[in-house]
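Below, each chain spelled out in residue letters.
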Amino acid sequence: MAIKHLTETIINQIAAGEVIERPASVVKELVENAIDAGATRIDIVTAGGGKNLIRIIDNGSGIPADELSLAVSRHCTSKLTDNVHDIRALGFRGEALPSIGSISRLSLKSRVADADSGFEISVNGGRMDGPRPTGMNGGTIAEVRDLFFSTPARLKFMKTDRAEASAISDVVKRVAIAFPHIRFSMTGSDRTPFEMAATGVGSEGMLERISQVLGKEFPENAIGIDAMRDGVRLSGFAGIPAFNRANSLHQFAYVNGRPVRDKQIWGAIRGAYADVMSRDRHPVVVLFLNLDPELVDVNVHPAKADVRFRDPGLVRGLIVGAIREALGQSGIRATTTGAEAMLHSFRPGGGFEPRSTAPIWGKETVSPGNLNYSVQQSPFRPFESVASASSHGNGFAETVQEFLYDGAAALSADARASTISAPPELLAMPLGAARAQVHANYIVSQTDDSLVIVDQHAAHERLVYEALKNALHSRPLAAQMLLIPEIVDLPEEDVGRLVAHAETLQRFGLGLEAFGPGAVAVRETPSMLGEIDTQKLVRDLADEIAEHDTSDGLKAILDHVAATMACHGSVRAGRRLKPDEMNALLRQMEATPGSGTCNHGRPTYIELKLTDIERLFGRR
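Residues numbered from 1 in each chain as written. Predicted model: local features only at pLDDT ≥ 70, side-chain atom pairs only at ≥ 80, totals over all residues. Heavy atoms only, no water.

## Observations concerning the pattern of salt bridges
Scanning the model with the defined rule gives 20 salt bridges in all. Its salt-bridge partner being D129, residue R132 comes within 3.5 Å of it at the nearest N-O pair. Here R132 falls in the partly exposed class, since its relative accessible area comes to 29%. Exposure remark for D129: the relative accessible area of 46% places this residue in the partly exposed category. (Salt bridge = Lys/Arg side-chain N within 4 Å of Asp/Glu carboxyl O. Buried < 20%, exposed > 50% of the residue type's maximum accessible area, 1.4 Å probe, protein only.)

Encoded structure:
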């Protein structure tokens, strides 16, 4: 077949295949044009998921009559100078309108401020008609009907009207976050009307716009970010680790005001939350990167969804460092959604029915010798003794405990309440004073204005994990030597991996060496872990090292080794703690960054405000 020039219509349809993937792509291009025109109000109307109708109305500067024909021609734009790297507008290629006109019935009406009337031009499957006068207010109206009518094969790849309408909503919301001074509205036969009022400029206006998109829960569970490094500024908001989602759809990133879905940025966000969130959960973040246009290339993707930074390491380091610093400085925080979910689970007015006629006291007794308890000798004691917790008293009546536990086993709901008021100093602490332990797993504490419920296993797991990580950069953890070495049989490959990382494991307090070709001898275990199942711990460590043992996976290995050891060594559910232990655990949680979640991203505590509790009982 001979080589020949393609027709202008075919060229535009090929360009449309790159730029216009679905109706949401059309909306994105037209909304960006409206923003570049300085609009403060943008109305979006759709029908049939955008396949039948898309209408964008704005009050921007408009297009002069003599430029309308250029606006729908290829490679004609007012947004680009002679320097292709100095891009300061959302659009710049001049391909969107001609591409849309080649695969649909496009009508473009516009009126500038000083014109007597508006003008309209039509593009039907690539054929231009106009411009001609029309009556309208100032601004522009872009109307797209019968999308893909000239390329019907593309319609076979479209999803349902509801799915396409949802994609349009997502695109508009992503753009709207970056421009809080613009009012957006979405209406149509395929959707519920939705409006985002203009909120103004500044951090408060931005946060209000974000709450319009993500809901009122986000501002209550987010931390402000503002950092700068080598001319690159990062601002925005990062959700606390306990406030997470099952997918990454609630992650918003902007480069010089342009919404992007860039893998480098997503990877940096994932790395920032790696230590505080499970791998199958995703944080909720809104980040804005502002830098010189010369330092970023936005012309690397047809839909401008990806960007390329001149120094990607700088950007990644800025994102990871800023988020981690913000999370560390925010102190201990619990997500408000956890308390709300707990409040919703209650049903006021419900009656009580006995579940069993069993006697109150069980048959099993507790040996009086168990009451001779010492915090310092407990294998489950916190790593550092907190003198302040015990010096002010613990708020527990020892005589009441002796009465309850001398000669009778504690109930499952092991409430160790006290008639003595907790010291004001402890009540003023973020996690308050421990008042009880229920079901041998949950610590109930009291603050000046709230009730706190702590998952002792999840909380201690986070504390152990942080201590293990610190051991890599400071002195090694203290180890306790086993009287008789523990021999663990393993495949020869696992033995080799463990021995290769023996020096690192020694810093964690785990001393082992090869014991023949198919076994290792464990001679020391971390003293902070107390009594552990050495066999299971070593096998789990071997599996983690095998999974992440790559040339660039040293940090991943260390993180997973620390997480595995922390899970094995933390206070187990079912372990009854004494008052001093509970208060010490609370104080150490307050002093440990990221202790609001465990290593797997689950919350370590839930806080119920007194006002919420009073509302449950109809007092408010």
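Now that the structure has been shown, we can carry on.
## Thoughts on the packing of helix α8 (residues 263–272) against helix α9 (residues 312–329)
Contact geometry of α8 with α9 gives a least axis separation of 8 Å together with a crossing angle of 35 degrees. For the pair α8 and α9, the crossing hand works out as right-handed. Along the contact surface, α8 presents Q264, I265, G267, A268, I269, G271 and A272, while α9 presents P312, R316, I319, V320, I323 and R324. Partitioning the contact of α8 with α9 into residue classes produces eight nonpolar, three polar and two charged. (Axes fitted to C-alpha atoms, helices over the stretch in contact; angles between N-to-C directions. Helix = DSSP H or I, 4+ residues; strand = E, 2+ residues; numbered from the N terminus. Left-handed = near helix turned anticlockwise from the far one by under 90°. Contact = heavy atoms within 4.5 Å. Nonpolar A, V, L, I, M, F, W, Y, C, P; charged D, E, K, R; others polar.)

## A short note on the sheet that holds strand β19 (residues 442–446)
In spatial order, the strands read β18-β19-β20-β24; together these four strands make up an open sheet with antiparallel pairing. The open sheet has two edge strands with one neighbour each: β18 (433–438) and β24 (605–609). Put simply, the sheet's adjacent strands are angled 20 degrees from each other on average, direction ignored. For β19 and strand β20 (residues 450–455), the ladder comprises five bridges, and the chain directions are antiparallel. Of the residues in β20, the one forming a bridge with I443 is V454. Where helix α19 (residues 579–591) meets the sheet, it contacts β18, β19, β20 and β24, and its direction lies at approximately 120 degrees from that of β18. (Pairing = 2+ DSSP bridges.)

## What about the sheet that holds strand β7 (residues 183–188)?
With mixed pairing, eight strands are arranged side by side in an open sheet as β5-β4-β3-β6-β2-β1-β7-β8. The open sheet terminates on both sides in strands that have one partner only, identified here as β5 (127–134) and β8 (194–196). Looking at each pair of strands side by side, their axes are set apart by 10 degrees on average, direction ignored. Strand direction decides the pairing type here: strand β3 (residues 105–111) and strand β4 (residues 118–124), joined by six bridges, are antiparallel. Bridge assignment links L108 to a residue of β4, and that residue is I121.

## Considerations on unusual backbone geometry
Although it is not a glycine, D146 sits at a positive phi angle of roughly 55 degrees. Relative to the helices and strands, D146 is located in the loop between β6 (139–145) and α5 (161–178). Judged by relative accessible area, D146 falls into the partly exposed class, the value being 33%.

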